Structure formats: C-alpha cells, structure tokens
There are 2 protein chains.
Amino acid sequence: MLSNIRVVLINTFHPGNIGAAARAMKNMGLTNLYLVEPREFPSDEADARAAGAKDLLENATLVNSLEEAIADCQLVIGTSARTKRTFDLPLLNARKGAERIVAESKQGKVALVFGRETMGLHNDELQQCNLHIYIPANPDYPVLNVSQAIQLLCYEVYVAAEEKTYTDIEEEYPRQKEMGLFYNHLEKVLRTTEFIIPQHEGKVLDKLRRFFNRSRPERTELNMLRGILTSIEETVEKLKK
Amino acid sequence: MLSNIRVVLINTFHPGNIGAAARAMKNMGLTNLYLVEPREFPSDEADARAAGAKDLLENATLVNSLEEAIADCQLVIGTSARTKRTFDLPLLNARKGAERIVAESKQGKVALVFGRETMGLHNDELQQCNLHIYIPANPDYPVLNVSQAIQLLCYEVYVAAEEKTYTDIEEEYPRQKEMGLFYNHLEKVLRTTEFIIPQHEGKVLDKLRRFFNRSRPERTELNMLRGILTSIEETVEKLKK
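Looking at an unreviewed UniProt entry, one finds chain A named tRNA (cytidine/uridine-2'-O-)-methyltransferase TrmJ and attributed to Neptuniibacter pectenicola. On record in UniProt, under Subcellular location (unreviewed entry), the comment for chain A is "Cytoplasm". Its UniProt record gives chain A a comment under Sequence similarities (unreviewed entry), which states: "Belongs to the class IV-like SAM-binding methyltransferase superfamily. RNA methyltransferase TrmH family."

As structure tokens, then:
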C-alpha cells in the first residue's frame, strides 16, 4: 500500500529540506519522492540531512512540472493552511486525510503535494488536487516548515496503515498468594514500628494494598521488598538483645 | 493547559535542531523550551531555523542537568525508540501519550524529554522518567531527526488538547523534588537496616527507583511511605537508647 503513495515537492528552495523530507518519509515507510524543479539538487546539504535515507534521494524522480509528477495518480492531495482558499475542494484534517490516502492507495497511486517554503502551492497547483489536507496548528503561527509538514502527514499515513498488533513483553508477576504473604509481612513490620497501632488502625493497610496492587511489582521486585522487610525485623531483633 | 507543558532538549549537537524545535513547538501552541547543556547556543543557525519562533529561543531556560529541568514537574516523559529498553516503565505510543500529557497538564507541570541526536537519552536519564513514549515508525529505519520527533509529539498534544477528549485525573502527584527526598530517606533507612551495605551496594537503589517511578505514588501515598520510613527510624532510635 505505502508503495503506491508518493511525495511531490514543488520548487524547494533549501536543499536541506529535501534531505529532511527524504528522512521523514523513510522513517514512515514511504519511498517515492518526486521533485519538481528544485533550486539545487543533488546537494551535499540534502545528503547530510537525509542521513540514512540517501537512497530516496538517489532514486528521486526529477520532473519539470506538477502535471508530470501526478500523471499516473488517481488521487492528488494538496497541503494547505486551513485559512487558505480551497476552491471548494474537500478539506480534511491530517488524520482524516491519511485514512483516505491509505484507503485509496489499495487500488491506485496517490500523490501528496507540498509547495514552496515561502508561499506554499500556487492557485493553479491547488486546483489540480482532488482534495486538500490541513494540519491542525496554532492559529497565531500555523505555518510549519515543509519537512515538518511532510513528517506529520507521513506519520499519519503510517499510523493509518499500521495493522500489526503488538504483544506486550510478558513480565513475570507474582501470584495473588505471594502478594498476600507480602501484605501480611508488611503489616507485621508496621505493627513493630508502630506505624500501625491497635487503637487507630485507620485505613493504612487498605491504602498500601491499593498502592502496591496498582504498581504490580514483578516477582524480583517483590522479593526485594520482602528482603527490605526482613532487614528491618533483623535490625530490631538485634537491638532488642 | 499547554503552558504547563515543557520540552527539554539534552545536549543538542546541531543548533539548527534547536531552532527547528522552537518553530515546531510554537506551531503547536507550546512555548516552554528547556535546554540542558546545548553544544552551541545562542546561534545564528538556531535563529534562522526558528523563523517566527525566535521568541521561544530568547525565553529558553538554560540548565546544567536534567534534574534541574524537571524539578517542579509532576510527570516526566522520555522519548524512546520502541526497541530500546524501557526499564519496564509504561511505554505508550505518541497518541496515547499525548492524551495523558494533556490530562495531567491540567493540574501540574509536564516535561517531554528529548535526547541527543546520535544516541538519544542515557539510561540514567530514562530512569528519571515516569513513562516513555515511542513514535510508531518504519522498523527498518525508525530513528527520526530530533526536531521531527518534537514536531510529531507536539502535534499529537495539540490535537489531543483541541479535541478535549481527555478524562480528568483526580490524583495529586508529588513533584520530582519530593520524589528525590523520598529516595534519600529510603536509602538512609536501608543503610540503617543494612539492606544496603557499603561493600555490596549492588543495584538495589536503581531497582527501587525504577519500581517507584513506575508506580507513581500519589502525594498522599508518598506521605504514607515517608511516614513508614520515619516509624522505622524512630523504632531503631528508641531501641538504641
């Protein structure tokens, strides 16, 4: 699915942003980068910022126009600040847009188009899109760096596409019986230290049980806590002699 | 709410990343930037990359240690690759983590901690966290540029705050400073009871710190635990007389 999705960068001014975009894409499992008339490419700065994603730069497709970059796509998505005019195209936020991208990428090619650093997409470019996506942002300062915008959208696409379920690592937890023995031991020590006194038992034990049940000590941790209780008892015994 | 959230950057190598981080934060309505021993700051490159977020750089707080940066925080979150060891702290993905951040920021200060470009957070830094967040990513190339990771998490925080789908958190949590006092107290008592002996200090304190950081005692629970420690000390003192 992700191999059907491409990122198209138009007239990028700073080559560093191209490199950062490549890294952001690869981090999220995307590989197809199209560059429409970048100011400077290839570039050392792009390579440096790409880090482990230089292969995306090497395989990038250079074209002369947006038309060329999207010719074989069935869905073209423009990124836009929320306030900008949308020509009455559907405007989705990044999350909803990503769901749509993933859904359509199962059947055909999808292009995510990003504009210039200073002025985004021109009107004639916005009009070539099927829908627009905006990134929710601070209304007082909503314009993201282009590589950051790419990172966010690719991330939303990756999360939408992720179907794997992860199983948690199994810690070894004590049985309830062992927890019971721990609580008995704890109570005995707290009576010795007079933290619990018979006249005012209060809710101390309930509260401690709540805390330790919530904490879910692993078996080795429980053994350590038992060891601490024993060390307190032995100290008291020794002093009593 | 967002004003209770800070971003902490540790030992940032490239000043450009600090600038990009500031812009990413401001785009998402966050303003509090803490810098722990950056290699170069202030810096022209940071200013350039910050664009319209230079005010965040001017108001950034420079500190010498992570401890200083998080002293008044009730929740400290480390960012970590999913594969990295987490010391069995809770590990949430960015979205779930953001919901938690927004919920807790209603009552206290929250720190989002980001490590070095090359090696992330050191183990002793990861252990100072209450929970870890990972960003879902391509398993073959999962490490994001630090400013991109900041962009993603701040975005998730912004979206979570915007949606206000969070559930209120009722408990009052202690500050990290109070946790530090508790650990000192615990260590003192364990030396008294000779659970810790100078010749074989082992990893006892690390393990206990890990357990209690994971457990996140509420303030009343921490007070109770401190009370228990005091009762042990008083018992020992009385017997010594």
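So that's the structure; there's more coming.
1. Observations regarding the interface of chain B and chain A
Facing 64 residues of chain B, the contacting portion of chain A comprises 65 residues. Counting across the interface, chain B meets chain A through six salt bridges. Notably, a salt bridge pairs E194 of chain B with K238 of chain A, separated by 3.4 Å at the nearest N-O pair. Counting across the interface, chain B meets chain A through 30 residue pairs in polar contact (both at pLDDT 80 or more). Looking at the side of chain B that touches chain A, the elements that each hand over two or more residues are α1 (15–27), α2 (44–50), α5 (94–104), α7 (146–163), α8 (176–192), α9 (204–215) and α10 (219–240) of chain B. Of the residues forming the side of chain B that touches chain A, the biggest block, 12 residues, is contributed by α10 of chain B. Classifying every residue of the side of chain B that touches chain A by side-chain character gives 32 nonpolar, 14 polar and 18 charged.

2. Description of the packing of aromatic side chains
Applying the stated rule across the entire model yields eight aromatic pairs over all chains. Taking the centre distance of 6.1 Å and the plane angle of 10° together, the rings of F211 of chain A and F212 of chain B count as stacked. With one member in each of two chains, F211 of chain A in helix α9 (residues 204–215) and F212 of chain B in helix α9 form a pair that bridges those chains. What makes F212 of chain B buried here is its relative accessible area of 5%. One Lys or Arg, R39 of chain A, reaches over the ring of F13 of chain A and ends 4.0 Å from the middle of that ring.

Cut-offs and rules
Residues numbered from 1 in each chain as written. Chains lettered and ligands numbered in written order. Predicted model: local features only at pLDDT ≥ 70, side-chain atom pairs only at ≥ 80, totals over all residues. Heavy atoms only, no water. UniProt positions renumbered as here; feature names shortened; annotations may be inferred. Contact = heavy atoms within 4.5 Å. Salt bridge = Lys/Arg side-chain N within 4 Å of Asp/Glu carboxyl O. Polar contact = N/O pair within 3.5 Å; in protein donor to acceptor, adjacent residues only side chain to side chain. Helix = DSSP H or I, 4+ residues; strand = E, 2+ residues; numbered from the N terminus. Nonpolar A, V, L, I, M, F, W, Y, C, P; charged D, E, K, R; others polar. Phe/Tyr/Trp six-rings, centres within 6.5 Å; stacked < 30°, edge-to-face > 60°. Buried < 20%, exposed > 50% of the residue type's maximum accessible area, 1.4 Å probe, protein only. Lys NZ or Arg CZ within 6 Å of the ring centre and 35° of its normal.

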